[in-house]
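For reference, the chains in residue letters:
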Amino acid sequence: MPKPLLVVATDDRRESNTLEQVLQDTYDVRVAGDPMEFVDLVELRLPDIVLISADFSGDRCGQILARQVKASARTRSIPVIQIVGRNPSLEIHRPEHVQPDEVVVRPIHIPELMVRIHTMHRIQRYQAEVVEGSRIDPLTAAFTRSYMLERLAYELRRADRYGRSLALALVDVDHLDKVNEAQGALAGD
């Protein structure tokens, strides 16, 4: 099983080296050297977790990048942990802004950071399981009716957009109750 991908973005070389060394046993750590590399890593690789300094690349650029991750429909489910100075700016806590999932105050206490990262990753995995579970019927392992309707609407729009035909086949099994009676519900399912 591949390691979860974690993107680190901080201007402090010593801090990024320490984080990379501490996290590399558990995570596939990628260090972004500048905002463009950060955006590329997040947009193209869709990491499991982002760890970004609020002052990355100066003038609160890290805060802006963290907000962009949380504001985008494609990346909003990626947990963002923001690293801030000893006296974090009140800007982070203003309710009108999209917030990071966690805030870590410098100096970074590595055991606490590890717990926060592991917790955020576990929450992300559980949320993915919930989404997947809401799409699949646990008894039949088939897609649920609501997901099928959602997917059908998507496919209809796509077929219309590209001027293509779309076919849908529904199958009704006659006398399924007799199969259930003779061979059991498991065979019928």
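Use the structure listed above.
Notes on the structure in this doc start here. Predicted model only: the values in this text are computed from it and were never measured. (Residues numbered from 1 in each chain as written. Predicted model: local features only at pLDDT ≥ 70, side-chain atom pairs only at ≥ 80, totals over all residues. Heavy atoms only, no water.)

1. Digging into helix 5 (residues 145-162)
Counted at 1.5 Å a residue, the expected span for helix 5 with its 18 residues is 26 Å, and the 25 Å between its end C-alpha atoms agrees. When helix 5 is considered as a whole, its buried residues turn out to be Tyr147, Glu155 and Ala159. Looking straight down helix 5, one finds that the buried residues subtend no more than 100 degrees of arc, so they occupy a single side. Exposed residues on helix 5 whose side chains face more than 90 degrees from its buried face are Arg157, Asp160 and Arg161. Taken together, the buried residues of helix 5 touch helix 4 (110-135). Just beyond helix 5, the residue with positive phi is Gly163, at close to 65 degrees. (Helix = DSSP H or I, 4+ residues; strand = E, 2+ residues; numbered from the N terminus. Expected span 1.5 Å × (residues − 1). Buried < 20%, exposed > 50% of the residue type's maximum accessible area, 1.4 Å probe, protein only. Arc of directions from axis to C-beta. Contact = heavy atoms within 4.5 Å.)

2. Some thoughts on the side chain of Lys70
Relative to the helices and strands, Lys70 is located in helix 3 (residues 61-71). Side-chain polar atoms of Lys70 contact the backbone oxygen of Ile78, separated by 2.9 Å. (Polar contact = N/O pair within 3.5 Å; in protein donor to acceptor, adjacent residues only side chain to side chain.)

3. Quick word on the sheet that holds strand 3 (residues 49-53)
With parallel pairing, the five strands of this open sheet are ordered in space as 2-1-3-4-5. Bordering the open sheet on either side are strand 2 (28-31) and strand 5 (102-105), each of which pairs with just one other strand. For this sheet, the mean inter-axis angle between neighbouring strands, taken without regard to orientation, is 20 degrees. With four bridges joining them, strand 1 (residues 5-9) and strand 3 adopt parallel strand pairing. The partner of Val8 across the bridge, within strand 3, is Leu51. Each of strand 1, strand 3, strand 4 (80-84) and strand 5 is contacted by helix 4, which is oriented at about 170 degrees to strand 5, the strand it contacts most. (Pairing = 2+ DSSP bridges. Axes fitted to C-alpha atoms, helices over the stretch in contact; angles between N-to-C directions.)

4. Considerations on the nonpolar core
Leu6, Leu23, Leu51, Ile81, Leu113 and Ile117 are the most contacted members of the largest nonpolar core, which has 17 residues in total. Considering every element that reaches this core, the biggest residue donor is helix 4, with four residues. Leave out the neighbours within four places in its chain, and Leu6 touches Leu23, Tyr27, Asp28, Val29, Arg30, Ile49, Leu51 and Ile117. Core analysis: the second largest hydrophobic core is formed by 15 residues, Val42, Phe56, Leu65 and Ala66 among them. (Core = buried A, V, L, I, M, F, W, Y, C linked by side-chain atoms within 4.5 Å.)

5. Notes on unusual backbone geometry
Trans is the prevailing form of peptide bonds, just as negative phi is the prevailing case for residues other than glycine. The omega torsion across Arg106 and Pro107 is -5 degrees, close enough to zero to call that bond cis. Summarising the element assignment, Pro107 is placed in the loop between strand 5 and helix 4. Positioned with a positive phi, Leu46 is a non-glycine residue whose angle comes to about 45 degrees. With respect to the helices, strands and loops of the structure, Leu46 is situated in the loop between helix 2 (35-45) and strand 3. Owing to a relative accessible area of 36%, Leu46 belongs among the partly exposed residues under this scheme. One non-glycine residue, His175, lies in the positive phi region at around 60 degrees.

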